[in-house]
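Structure assessment
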Amino acid sequence: MQNALKNRQLLAYSSGSLGTGIFSTVPSILLLYFMTDILGIPAQLAALGIFIPKLWDMITDPLVGFISDKTKSRWGRRRPYLFVGSFLMPLSFVFVFLVPDFSDLIHSFYFVLGSFILSATAYTIFAVPYVAMPAEMSDDPEERTKITSYRMTAVMIGILCGAALAPLLVDHFGGGKTGYAYMGITFSLICFSGMLITSFSSKNLPLSDGQK
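What counts as what
Residues numbered from 1 in each chain as written. Predicted model: local features only at pLDDT ≥ 70, side-chain atom pairs only at ≥ 80, totals over all residues. Heavy atoms only, no water. Helix = DSSP H or I, 4+ residues; strand = E, 2+ residues; numbered from the N terminus. Rg over C-alpha atoms; globule rule 2.2 N^0.38 Å. Buried < 20%, exposed > 50% of the residue type's maximum accessible area, 1.4 Å probe, protein only. Contact = heavy atoms within 4.5 Å. Areas by Shrake-Rupley, 256 points an atom, 1.4 Å probe, with all protein chains shown as cover. Lys, Arg positive; Asp, Glu negative; His and termini not counted. Charge placed at Lys NZ, Arg CZ, Asp CG, Glu CD. Core = buried A, V, L, I, M, F, W, Y, C linked by side-chain atoms within 4.5 Å. Polar contact = N/O pair within 3.5 Å; in protein donor to acceptor, adjacent residues only side chain to side chain.

**Here's the deal with the overall build of the protein chain**
- For the protein chain, the count of helices and strands is 8 helices and 0 strands.
- Rg of the C-alpha trace for the protein chain: 18 Å, near the compact-globule value of 17 Å for 212 residues, within the 12% margin.
- A buried classification covers 48% of the 212 residues belonging to the protein chain.
- Within the protein chain, contacts between residues at least 6 apart in sequence are counted, and of these 80% link residues at least 24 apart.
- When the accessible surface of the protein chain is totalled, it reaches about 10300 Å², and 67% of it is carbon and sulfur.
- Within the protein chain, one finds 15 positive and 13 negative side-chain charges whose respective centroids are separated by 12 Å.

Here it is as structure tokens:
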């Protein structure tokens, strides 16, 4: 169906997984502690703030997949969602850890919850079409495996960066709310860069639906 994909195409495609790997890791290891020990939110409420966005994902994942599959546009059925997600996810992710000084803890909770739900939704908008693309980039099983291996390698790099560097960045920037805020900004910029590279490069990827 298509010529073999070049390594630069595979690297450009897989760069988006740096962002997805970081986003899937950093809130998992830091957000609960951030809410309870830094913001002072009660543990039961903080746990609910982690659970609700995960529950929301169960709704949005199949919905975005269905909508993406049915989309027809001059940019293809995947690329519009890559662009939207690559902008919205890093931007909303910043505010998960950049929380204003509210006088009421419940306001801090709602701010983090709303930011996390928004960033999780934006993540889904990017990630669901993104992981569907390898099946459309080649009809060769071996090449699809190669595409997936590139993507999974980038995911692991993102996960390792998120797990290892996030606490170090918090300490580097002075700890407390300031440390978490600058850590979130730093990772958001990394996510944005990787995801945007994938979004722009997707126009040069061969897709079996006949759209670019």
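Anyway, onward from the coordinates.
**Observations concerning the nonpolar core**
- Grouped together as the largest cluster of nonpolar side chains are 39 residues, with contacts concentrated most on Val26, Leu30, Leu31, Phe93, Phe97, Met183 and Phe187.
- With 8 residues, helix 5 (residues 105-132) is the single largest residue contributor to this core.

**Let's talk about the side chain of serine 92**
- The residue serine 92 is located in helix 4 (residues 79-97) in this model.
- A polar contact of 2.7 Å, which involves the side chain of serine 92, links it to the backbone oxygen of leucine 88.
- A polar contact of 3.2 Å, which involves the side chain of serine 92, links it to the backbone oxygen of methionine 89.
- Ignoring anything within four residues of it in the chain, the contact list for serine 92 reads Ser115, Leu118, Ser119 and Ala122.

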